[in-house]
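# Architecture at a glance
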Amino acid sequence: MKELKPYLEANKQRFLDELLELLRIPSVSADPKYAGDVHRMALATAEHLRAVGVDTVEIHETAGHPIVYGEKMVDPKAPTVLVYGHYDVQPADPLNLWDSPPFEPVVKKTKLHPQGAIFARGSCDDKGQMFMHVKAFEMMVRNRLLPCNVKFMIEGEEEVGSVNLEKFCKEHKKKLSCDVVLISDTSVIANDTPSLTVGLRGLCYMEVEVTGPNRDLHSGVYGGAVANPVNVLCQMIASLHDPKGRITVEGFYDGVLKVSAKERKLMNEAPFNEKEYMKDLQVNELKGEKGYTTIERTGIRPTLDVNGIWGGYIGEGAKTVLPSKAFAKISMRLVPGQDPKKIEKLFQKHFEKIAPKSVKVKVMPHHGGYPVVVPTNSIEYKASEKAMEKAFGKKPLPQRGGGSIPIVAMFDQVLGVKSVLMGFGLDSDNIHSPNEHYGLFNYYKGIETIPYFFQYYTEMKKKK
Ligand code: BES
Ligand code: MN
Ligand code: MN
């Protein structure tokens, strides 16, 4: 393949400036206050696709935020790659913990990013990674090196569960027909240790409400005689793990697929420095399920975590009150063999069972998603492996990611296609946290790698 590197070199600054412009749009999908900005971001994404030569670009309105779709069909005999990404971002709060405003991107050097990193909400998850595909496509088209058909589907609701995308896929199976889905929304182990994601955890997200007395009470007049729902909720939550760190929800581990000793050994050969990991997080000890390493705890084991908990008085100063209600949002990360729908039922049953008579509980499900395993013996995996090796000069290690992209399992179920999870972020890039950033090295490396994937995939597919 003719070298694309000179084109990348010559256009580096513009590629960066264009991304910075997109990062200024606060496309927070979870907060209705930003609906206008989310829409603006959809339009901007569509405009970029048009500008780089995607032939048909459409904005599909949904019951929620729009889906941006586009395609360029060059050869009916060539394979079709569907690029998926998301233009929505997580809420930026708490704002006071950011060193610079989340929607005013700045480039700063860090220890892990000596060439500089872009600090902004969405820089890594997923605007920066999604936009790499737009720029890689531009390079291929402008240099007449696009080897196959490309479809783009960029959604605005990934961070809120992709509910409308699922519907869209079911209704547009033909439009979306393709040979493989290509996604950059995960991470590499390190900039000198490339990796490909071969597994994602599933998700079951619940909200619980515990009600005690029918109204807030004086904590002196009634305290000691009436169950306090916040106290009760804390006890209930504490009982959800046993001393070994295992989850006590009855039936929770049923069906969990065993990972072979060989696979576990391999997984633990990936470079990982526990001391550095703790130092970065400023914790003195790591905690998790007994019998598993940190890599295993985040890669192959299911979890249960409180994501938020509230109730009673949380304003300035002190108010003596025995609250009527307490709430919590609880997420469970699932692994192959677990079904989010079943886990939802098991959790509900268990939570109702452990509730003392003194309170009433309500258990409400939010979104969920199935776990994913990516086979490593497929053409698409081999092509992505070769592309990474060409760009990084090192063969990528297969690695299971701890996060979830629920739509990946759906692509498999509904469209019957497998996904390549070729992400370029670092786990320490603070996605969903204050000071999210994305390395310039990672951004440009992604843009360099993607055309190699297109080339190798097309070649390997044609040979078969
Ligand atoms: N890009 C992440 C998922 C991710 C990050 C996977 C890093 C592997 C490594 C994605 O945007 C995300 O945040 N997903 C959510 C799930 C969704 C239903 C809100 C998650 O994992 O919490
Ligand atoms: Mn993402
Ligand atoms: Mn995310």
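If you're wondering where the values come from, they're calculated on a predicted model, not measured in any experiment. (Residues numbered from 1 in each chain as written. Chains lettered and ligands numbered in written order. Predicted model: local features only at pLDDT ≥ 70, side-chain atom pairs only at ≥ 80, totals over all residues. Heavy atoms only, no water.)

For the rest of this paragraph, the subject is the site of ligand 1. Looking at ligand 1, there are 16 residues lining it, with Glu158, Asp185, Arg333, Ser404 and His432 nearest. One of the side-chain N or O atoms of glutamate 158 is found 2.7 Å from an oxygen atom in ligand 1. The side chain of histidine 432 places a nitrogen or oxygen atom 2.8 Å from an oxygen atom of ligand 1. Computed on the free molecule, ligand 1 has an accessible area of 520 Å², of which 90% lies beneath the protein chains in the complex. Tallied by class, the residues present in the shell around ligand 1 amount to five nonpolar, six polar and five charged. For the shell around ligand 1, the two domains that each supply at least three residues are domain 1 (4-200 + 371-463) and domain 2 (203-256 + 302-369). (Near = heavy atom within 4 Å. Polar contact = N/O pair within 3.5 Å; in protein donor to acceptor, adjacent residues only side chain to side chain. Areas by Shrake-Rupley, 256 points an atom, 1.4 Å probe, with all protein chains shown as cover. Nonpolar A, V, L, I, M, F, W, Y, C, P; charged D, E, K, R; others polar. Domains from an automatic or database assignment.)

Turning next to the packing of helix 4 (residues 163-171) against helix 11 (residues 407-415). Look at helix 4 against helix 11: their axes get within 10 Å of each other, and the N-to-C directions meet at 20 degrees. Here helix 4 lies roughly parallel to helix 11, going by the angle between them. For the pair helix 4 and helix 11, the sense of crossing is right-handed. Two secondary-structure elements touch here, helix 4 through Leu165, Glu166, Cys169 and Lys170 and helix 11 through Ile407, Met410, Phe411, Val414 and Leu415. Class assignment of the residues belonging to the contact of helix 4 with helix 11 gives a composition of seven nonpolar, no polar and two charged. (Axes fitted to C-alpha atoms, helices over the stretch in contact; angles between N-to-C directions. Helix = DSSP H or I, 4+ residues; strand = E, 2+ residues; numbered from the N terminus. Parallel < 35°, antiparallel > 145°, perpendicular 65-115°, else oblique. Left-handed = near helix turned anticlockwise from the far one by under 90°. Contact = heavy atoms within 4.5 Å.)

With that settled, the discussion passes to the domain arrangement of the protein. What the domain assignment reports for the protein is domain 1 (4-200 + 371-463) and domain 2 (203-256 + 302-369). With nine residues of domain 1 in contact, the opposing surface of domain 2 contributes nine residues. Taken together, domain 1 and domain 2 are joined by zero salt bridges. For the pair domain 1 and domain 2, the interface holds two residue pairs in polar contact (both at pLDDT 80 or more). Classifying every residue of the side of domain 1 that touches domain 2 gives four nonpolar, four polar and one charged. (Salt bridge = Lys/Arg side-chain N within 4 Å of Asp/Glu carboxyl O.)

The protein atoms donating to the manganese ion (ligand 2) are His86 (NE2), Asp125 (OD), Asp185 (OD) and Asp185 (OD), with metal-donor distances spanning 2.0 to 2.4 Å. Written as a sequence motif, the donor residues of the manganese ion (ligand 2) are H-x38-D-x59-D. Taken as a pair, the manganese ion (ligand 2) and the manganese ion (ligand 3) lie 3.6 Å from each other and share aspartate 125 as a ligand. In this pair, histidine 86 sits in strand 3 (residues 80-86) while aspartate 125 sits in the loop between strand 5 (117-119) and helix 3 (127-142), placing the two residues 39 residues apart along the sequence. Neither histidine 86 nor aspartate 125 differs from the other in exposure class; each is buried. (Donors = N, O, S within 2.8 Å, 3.2 Å for Na, K, Ca; no water. Buried < 20%, exposed > 50% of the residue type's maximum accessible area, 1.4 Å probe, protein only.)

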